[in-house]
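Below, each chain spelled out in residue letters.
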Amino acid sequence: MRLLADIGGTNVRFALLPEASFTPQDETNLQCADFRGLEEAVAYYLEQVGHPAITDAAMAVATAVTGDLIKLTNSPWAFSIEQARRRLKLNRLLVINDFTALALSLPRLLPEELRKVGRGDGVRATPIALLGAGTGLGVSALIPSGDRWIPLQGEGGHVAFSAMSEREDAILKVLRARFGHVSAERLLSGPGLVNIYRALCEIDHFVPRTYNPEQVSTLGLCADDAQCAEALQIFCAALGTAAANLVVSLGARAAVYIGGGVVPKLGDYFEHSNFRSRFEHKGRFSSYVAQVPTYVILAETPALRGLAMALDNQ
């Protein structure tokens, strides 16, 4: 039996993977804040599923994987890959970026696990782009290589934010005074929704409430708070710009997939938002991106399937 773990800034999702299988089982979602670190969370999960004998593991982490030391970008968790392998008594421990794992799952997603937004049929044999807002902003891609796909492992969520309107310029100015460098993640994430909301309150001379991302999203959907409603509109539009930037940067004309925890919960709102119109607003390259289909990933735990693929690829 093999262990799979998708470790985000807020949640850690575990599953077991039998040998010669690509179907995770015994999936469980835990809160990172309930555990001091990875090994404690793994021990708890294995106890819950009956202490199976684990030989290998694959883990996706919401941070860059540049060496043995892993430190989550939006979580206090940190661990050494080799020390974790030894303490968990594993023959093999594979650690990759969480959106690399999600990218690996894309060819295995079923039609009912996707929702198409806008037009476009795509261009075969070209890269696939992936981005998604959650605790942070994840970015990856799949590059075609014969009959296989090669996933990219990067940190595209930390590129500089691109403002496209006077209102976004004003928000960028507020956030620059607060953060210095304003990455796309500072706006295009759950915490980013709150950043947009608070910036709008400052611009409009309102005292901001202590909303969390879910509250900003909920109040924005029902339009019960003017700044929350505008924050959600700006979020969707700016995500369209970020997706188009990714397409032209990578030549990703096959498709764009949108994951993460924020967008799938928006339902019909996202489809009718300014996301797609901003996506296609690309000046001389508007017709170039207009051919590219965009899909929202509705699958619950696709990164776990990607980790199964990663173990097989390795």
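Scroll up to find the structure this text is about.
Parameters and conventions
- Residues numbered from 1 in each chain as written.
- Predicted model: local features only at pLDDT ≥ 70, side-chain atom pairs only at ≥ 80, totals over all residues.
- Heavy atoms only, no water.
- Helix = DSSP H or I, 4+ residues; strand = E, 2+ residues; numbered from the N terminus.
- Contact = heavy atoms within 4.5 Å.
- Buried < 20%, exposed > 50% of the residue type's maximum accessible area, 1.4 Å probe, protein only.
- Lys, Arg positive; Asp, Glu negative; His and termini not counted.
- Salt bridge = Lys/Arg side-chain N within 4 Å of Asp/Glu carboxyl O.
- Axes fitted to C-alpha atoms, helices over the stretch in contact; angles between N-to-C directions.
- Parallel < 35°, antiparallel > 145°, perpendicular 65-115°, else oblique.
- Nonpolar A, V, L, I, M, F, W, Y, C, P; charged D, E, K, R; others polar.
- Core = buried A, V, L, I, M, F, W, Y, C linked by side-chain atoms within 4.5 Å.
- Phe/Tyr/Trp six-rings, centres within 6.5 Å; stacked < 30°, edge-to-face > 60°.
- Lys NZ or Arg CZ within 6 Å of the ring centre and 35° of its normal.
- Pairing = 2+ DSSP bridges.

J.: I'd like to hear about the side chain of Ser 105, residue by residue, with values.
T.: Relative to the helices and strands, Ser 105 resides in helix α3 (residues 98-105). Among all residues touching Ser 105, those that are not within four sequence positions of it are Pro 302, Arg 305 and Gly 306.

J.: Please give an account of the side chain of Glu 185 that cites residues and values.
T.: Looking at the element boundaries, Glu 185 is found in the loop between α4 (166-179) and α5 (190-204). Arg 186 is the oppositely charged side chain nearest to the buried, salt-bridge-free Glu 185, at an N-O distance of 6.2 Å. Excluding residues that lie within four positions of it along the chain, Glu 185 makes contacts with Asn 74, Gly 136, Leu 137, Gly 157, His 158 and Gly 192.

J.: Give a description of the packing of helix α6 (residues 213-222) against helix α7 (residues 226-250) that names residues and reports values.
T.: Between α6 and α7, the least distance of the axes is 7 Å, while the angle of their chain directions is 95 degrees. Classed by the angle they form, the pair α6 and α7 counts as roughly perpendicular. Contacts from Val 216, Ser 217, Leu 219, Gly 220 and Leu 221 of α6 reach α7 at Cys 228, Ala 229, Ala 231 and Leu 232. Of the residues that constitute the contact of α6 with α7, the class distribution is seven nonpolar, two polar and no charged.

J.: Break down the nonpolar core for me, citing the residues and quoting the values.
T.: Core analysis: the biggest nonpolar cluster contains 50 residues, and Leu 131, Leu 188, Phe 235, Val 256 and Phe 270 have the highest contact counts within it. Of all elements in the fold, only β9 (128-133), β10 (137-145), α4, α5, α6, α7, β12 (255-259) and α9 (275-279) reach the threshold of two or more residues within this core. A total of 13 residues in this core trace back to one element, the largest contributor, which is α7. When sequence neighbours within four positions are dropped, the list of residues in contact with Phe 235 reads Ala 133, Leu 187, Leu 188, Ser 189, Leu 193, Ile 196, Val 262 and Val 263. Within the second largest apolar cluster, 28 residues are counted, among which are Leu 30, Leu 38, Val 42 and Val 61.

J.: Outline the packing of aromatic side chains, supporting the account with residue identities and numerical values.
T.: As enumerated under the stated definition, the model contains seven aromatic pairs in all. With 5.3 Å between their ring centres and 25 degrees between their planes, Tyr 257 and Tyr 295 make a pair best called stacked. Of this pair, Tyr 257 sits in strand β12 while Tyr 295 sits in strand β13 (residues 294-297); the two residues are 38 residues apart in sequence, bridging distant segments of the chain. Both rings, one in Phe 270 and one in Phe 275, keep their centres 4.7 Å apart while their planes meet at 35 degrees; by these two values the pair is tilted. Members of the aromatic cluster, connected to one another through ring pairs, are Phe 270, Phe 275 and Phe 279. Positioned above the aromatic ring of Phe 22 is the side chain of Arg 108, whose terminal nitrogen or guanidinium carbon lies 4.5 Å from the ring centre.

J.: Tell me about the sheet that holds strand β3 (residues 25-31), and please be specific about residues and values.
T.: Through backbone hydrogen bonds, the strands of a sheet pair up, either in parallel or in antiparallel fashion. What the five strands build is an open sheet, ordered β3-β2-β1-β4-β7; its pairing is mixed. Looking along the sheet, the strands with just one partner apiece sit at the ends: β3 and β7 (92-97). The mean angle between the axes of side-by-side strands here comes to 15 degrees, regardless of whether they run parallel or antiparallel. Sheet analysis places strand β4 (residues 56-61) next to β7, joined by six bridges and oriented parallel. What sits directly across from Ala 60, in β7, is Ile 96. Sheet contacts for α3: β1 (2-7), β4 and β7; angle to β7, the most-contacted strand, approximately 90 degrees. Those strands touched by helix α11 (residues 302-313) are β1, β2 (11-17), β3, β4 and β7, and its axis lies near 130 degrees from that of β1.

Shape is all these values report; function is a separate question.
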